[in-house]
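Results of the structural survey
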Amino acid sequence: MYQVKDAMTRRVLSIRPQATLEEAIRLLLKHNISGAPVIDDSGRLCGIITQYQLLEVLYEPTVKHSRVEECMTREVITIDEDALLGTATNYFVLHRIRRIPVMSNGKVIGILSRQDLLQYFAETGEEIEAFFAKLKGTPAGEPACA
């Protein structure tokens, strides 16, 4: 079965909670990413900051000196590296999220994006029906939902 660790991005760009929103904007733009985990000095996941959140706060003229921790999402959906990609797919669809921090022993070790999942599918060379049947845990040719 396909696992999260097979498709995730291992190089995680993160930002500290004390960073300014201006620094967060520059990080996302420099690396052409739409969001990043917020990780404290001890390596603990504190939240996630996204382009959308940064756009929301730009209406406030003094915001660029505010800190990331003031507008980040604190309730973050995470996934274990050994979880099945079908579980991650469900998270993406049900929660309409774009990225999921991948955890091992309480630390962020990677990130899985919707793009990573689609890229992994494209690289397997399998027919789409067989690939998604495996994600859902059903044999190819059988309906995934009854």
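Owing to the predicted nature of the structure, the values given are computational and were not obtained by experimental measurement.

In this structure, Q53 sits in helix 3 (residues 51–57). In contact with Q53, not counting residues within four places along its chain, are I48, C71, M72 and T73.

For the rest of this paragraph, the subject is the packing of aromatic side chains. Taken as a whole, this structure holds one aromatic pair when the rule is applied. With a centroid separation of 5.6 Å and 80 degrees between ring planes, the pair formed by Y2 and Y120 is classed as edge-to-face. Pair noted here: Y2 is in the segment before helix 1 (4–7) and Y120 is in helix 5 (residues 114–124), with a separation of 118 residues, a long-range link. For the residue pair Y2 and Y120, the accessibility class agrees, reading buried in each case.

Our next topic: unusual backbone geometry. The backbone of N32 sits at a positive phi, close to 50 degrees, despite the residue not being glycine. If you check the backbone angles, N105 has positive phi at about 55 degrees while not being a glycine. Mapped onto the elements, N105 comes out in the loop between strand 4 (99–104) and strand 5 (107–113).

Before going further, it helps to examine the packing of helix 4 (residues 85–95) against helix 5. As a packed pair, helix 4 and helix 5 sit with axes 11 Å apart at the nearest point and diverge in direction by 135 degrees. For the element pair helix 4 / helix 5, the angle class is oblique. Classified by chirality, the crossing of helix 5 by helix 4 is left-handed. On the side of helix 4, the interface is formed by L85, T89 and F92, while helix 5 contributes R114, L117 and Y120. Taken together, the residues of the contact of helix 4 with helix 5 sort by class into four nonpolar, one polar and one charged.

With that out of the way, let us pick up helix 2 (residues 21–30). Counting along an α-helix, one turn takes 3.6 residues, and residues three or four places apart therefore face a common direction. Inspection of helix 2 places L21, A24, L27 and L28 among the buried residues, and these make up the whole buried set. The arc that holds the buried residues of helix 2, viewed along the axis, is 115 degrees, so those residues lie on one side. Opposite the buried face of helix 2, by more than 90 degrees, sit the exposed residues R26, L29 and K30. On the buried face of helix 2, the contacting elements are strand 1 (35–39), strand 2 (45–50) and helix 3. Directly after helix 2, the chain includes N32, whose backbone phi takes a positive value near 50 degrees.

We now examine the layout of surface pockets. A volume near 410 Å³ is recorded for the largest pocket. In terms of lining residues, the largest pocket is bounded by 17 residues, among which I33, S34, G35, R99 and S113 are the most central. Among the elements of the structure, strand 1, strand 5 and helix 5 are those that each provide at least two residues to the lining of the largest pocket. Considered class by class, the residues forming the lining of the largest pocket number six nonpolar, six polar and five charged. Taken as a whole, the second largest pocket encloses approximately 330 Å³ of empty space.

Further remarks concern the confidence of the model for the protein. In the predicted model, the protein carries a mean pLDDT of 86, and 84% of its residues have values of at least 70. The low-confidence segment residues 139–146, where pLDDT is below 50, has eight contacts with residues more than four positions distant or belonging to other chains.

Here is what the cut-offs are and how they apply
Residues numbered from 1 in each chain as written. Predicted model: local features only at pLDDT ≥ 70, side-chain atom pairs only at ≥ 80, totals over all residues. Heavy atoms only, no water. Helix = DSSP H or I, 4+ residues; strand = E, 2+ residues; numbered from the N terminus. Contact = heavy atoms within 4.5 Å. Phe/Tyr/Trp six-rings, centres within 6.5 Å; stacked < 30°, edge-to-face > 60°. Buried < 20%, exposed > 50% of the residue type's maximum accessible area, 1.4 Å probe, protein only. Axes fitted to C-alpha atoms, helices over the stretch in contact; angles between N-to-C directions. Parallel < 35°, antiparallel > 145°, perpendicular 65-115°, else oblique. Left-handed = near helix turned anticlockwise from the far one by under 90°. Nonpolar A, V, L, I, M, F, W, Y, C, P; charged D, E, K, R; others polar. Arc of directions from axis to C-beta. 1 Å grid on protein atoms, 1.4 Å probe; cavity = no way out; pocket = protein on both sides within 12 Å on 5 of 7 lines; lining within 4 Å. Points joined across faces, edges and corners; volume = space filled by probe spheres on them. pLDDT = per-residue confidence, 0-100.

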